[in-house]
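# An overview of the molecular structure
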Amino acid sequence: DLDDISLKYELTGGYIKNAVISALQLAVGRNSPSPMVTENDIVEGCKKQMRGALQMAEFDERVVPLSGLDDLIVSDEVKDQLKAIVSIEKARGVLFGQFGFDDSMRGCQGTTALFWGPRGSGKQNAAEAIGFELGKPLKVTDLPQLLGKSGKANASTVKECFKEARLMDAVLVLGGISLNASEGQRGSSSVEDIRLLNLVVREMTRFPGICIMQIDVVDSLDIFVSRLEKGLLDGLKYLVPFHYPDMYCRKKLWKKRLPDTLPKKSLDYSELARLSDELNTTQIGNAVYRSAAQAALKDENSRFVTMADLRSAIEKERQRGVSAVDRYVRAQYI
């Protein structure tokens, strides 16, 4: 389906040519006497060109996305909202071109989103997937530092951050906020910090590109919303709640994190999903790496990952709990 591919991968002529060549190479490698290019070959060729184009963008705080929404493991509800974000951003070319919307609307019709949920629930991976789908690198900024935790930030540095993202045609990701309702009563924010926070959200609503704010929160957004001017939150077009992976997503995560080339024996992915209840995506990845490292040091005849290895790794992740570093990061809310 060439129409679907051309909509999903917005490449220029040179990149399209290279994508076709890459597809031919895949077909030849599969069957050199009579190669046949498939749709999957063309898709893989397009992905390779997207990665190459993203690697060429150079600026501070750059993150190069490596995979899109197809590889992202989140709930169906979250993925539908992410697809909507990508779709509305891709439609801009038609809206301001073929459909004739006035250029004066560009500045107030950027794509703004608030991703909120517990740490390790996939917010950063989702932002990177959006960047990949749009063929844009990410400019990832630590918001507490931008808001003056270092004692250096002011209104001009906030505006400069947005200006640089616009000039680089990057997806601007504002992260580093960690909120906790029980800590919110003990914490305090200066009048200047709150003023700068409102300035950031106001700049988001004026940003002509795509901007995503990420908030780590277990309870609710009440603390964050209470520090915003009335009606300001309405300017953010998408509010996307993230949660720890459910049973279905955990099973997919275990299958994805355990590579096909990894020696393993009699793994029960459904059981792994059950055992890892309430673990986040980062912890599941840690458990896989821990068990694989343990297997690598076994005798050659038993050098493979077993259910016992993974059970032990899952238990150690649970015992690790919230570290001192986690508590420090959580305390850096606005």
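Conventions we followed
- Residues numbered from 1 in each chain as written.
- Predicted model: local features only at pLDDT ≥ 70, side-chain atom pairs only at ≥ 80, totals over all residues.
- Heavy atoms only, no water.
- Salt bridge = Lys/Arg side-chain N within 4 Å of Asp/Glu carboxyl O.
- Helix = DSSP H or I, 4+ residues; strand = E, 2+ residues; numbered from the N terminus.
- Buried < 20%, exposed > 50% of the residue type's maximum accessible area, 1.4 Å probe, protein only.
- pLDDT = per-residue confidence, 0-100.
- Disulfide = S-S within 2.5 Å.
- Pairing = 2+ DSSP bridges.
- Phe/Tyr/Trp six-rings, centres within 6.5 Å; stacked < 30°, edge-to-face > 60°.
- Patch = residues over 30% accessible without salt bridge, like charges linked within 9 Å, V, L, I, M, F, W, Y side chains within 5 Å.
- Areas by Shrake-Rupley, 256 points an atom, 1.4 Å probe, with all protein chains shown as cover.
- Core = buried A, V, L, I, M, F, W, Y, C linked by side-chain atoms within 4.5 Å.
- Contact = heavy atoms within 4.5 Å.

This part takes up the pattern of salt bridges. Scanning the entire structure with this criterion turns up ten salt bridges. A salt bridge links Arg206 to Glu203, with the nearest nitrogen and oxygen atoms 3.5 Å apart. Of this pair, Arg206 and Glu203 are both found in helix H10 (residues 191-206), three residues apart, which corresponds to roughly one turn of the helix. Accessibility expressed as a relative area gives 46% for Arg206, which makes it partly exposed. The partner of Arg250 in a salt bridge is Asp277, with the nearest N and O atoms 3.7 Å apart. Separated by 27 residues along the polypeptide, Arg250 in helix H12 (residues 247-257) and Asp277 in the loop between helix H13 (269-275) and helix H14 (281-296) bring together distant segments of the chain. For Arg250, a relative accessible area of 5% translates into the label buried.

This paragraph deals with unusual backbone geometry. Phi is positive for Ser266, which is not a glycine, with a value near 50 degrees. Structurally, the position occupied by Ser266 is in the loop between H12 and H13. Its identity is not glycine, yet Glu278 carries a phi of approximately 75 degrees, on the positive side. Positionally, Glu278 belongs in the loop between H13 and H14.

The next thing to look at is the confidence of the model for the protein. When pLDDT is averaged across the protein, the result is 81; 79% of the residues are at 70 or more. Element-level mean pLDDT values for the protein span from 47 in helix H9 (residues 181-184) up to 95 in H13.

So, on to the state of the cysteines. Applying the stated criterion across every chain, the model contains zero disulfides. Looking at the unpaired Cys161, the closest cysteine sulfur is the one in Cys211, lying at 7.9 Å. On the basis of relative accessibility, which here comes to 7%, the residue Cys161 falls in the buried class.

Take the pairing of strand S3 (residues 138-142) next. The pairing of strand S1 (residues 62-63) with S3 spans two bridges and is classified as antiparallel. Bridge pairing links Val63 to Leu138 in S3. Strand direction decides the pairing type here: S3 and strand S4 (residues 171-179), joined by five bridges, are parallel. By the bridge assignment, Asp142 is partnered in S4 with Gly175.

Attention now moves to the packing of aromatic side chains. All told, the structure shown has two aromatic pairs when counted by the stated rule. Ring centres of Phe115 and Phe242 lie 5.1 Å apart, and the angle between their planes is 50 degrees; on these two criteria the pair is classed as tilted. Separated by 127 residues along the polypeptide, Phe115 in strand S2 (residues 111-117) and Phe242 in the loop between strand S6 (238-241) and H12 bring together distant segments of the chain. You'll find Phe115 and Phe242 in the same group, each marked buried.

The next subject is a nonpolar patch on the surface. On the surface, a cluster of nonpolar side chains totalling about 310 Å² of accessible area is made up of Ile16, Val20, Leu24 and Val37. The residue Val37 is located in the loop between helix H2 (13-30) and helix H3 (39-55) in this model.

Bringing the nonpolar core into the picture now. If you look at the biggest cluster of nonpolar residues, it comprises 29 residues, and the most contacted ones within it are Phe162, Leu174, Met213, Ile215 and Phe224. Top element by residues in this core is H10. It accounts for six residues. Apart from the residues within four sequence positions on either side, Met213 is in contact with Ala113, Leu114, Phe115, Leu143, Leu174, Ile177, Val200, Val201, Met204 and Phe224. Membership of the second largest hydrophobic core comes to 22 residues, among which are Ala113, Phe115, Ala129 and Ile210.

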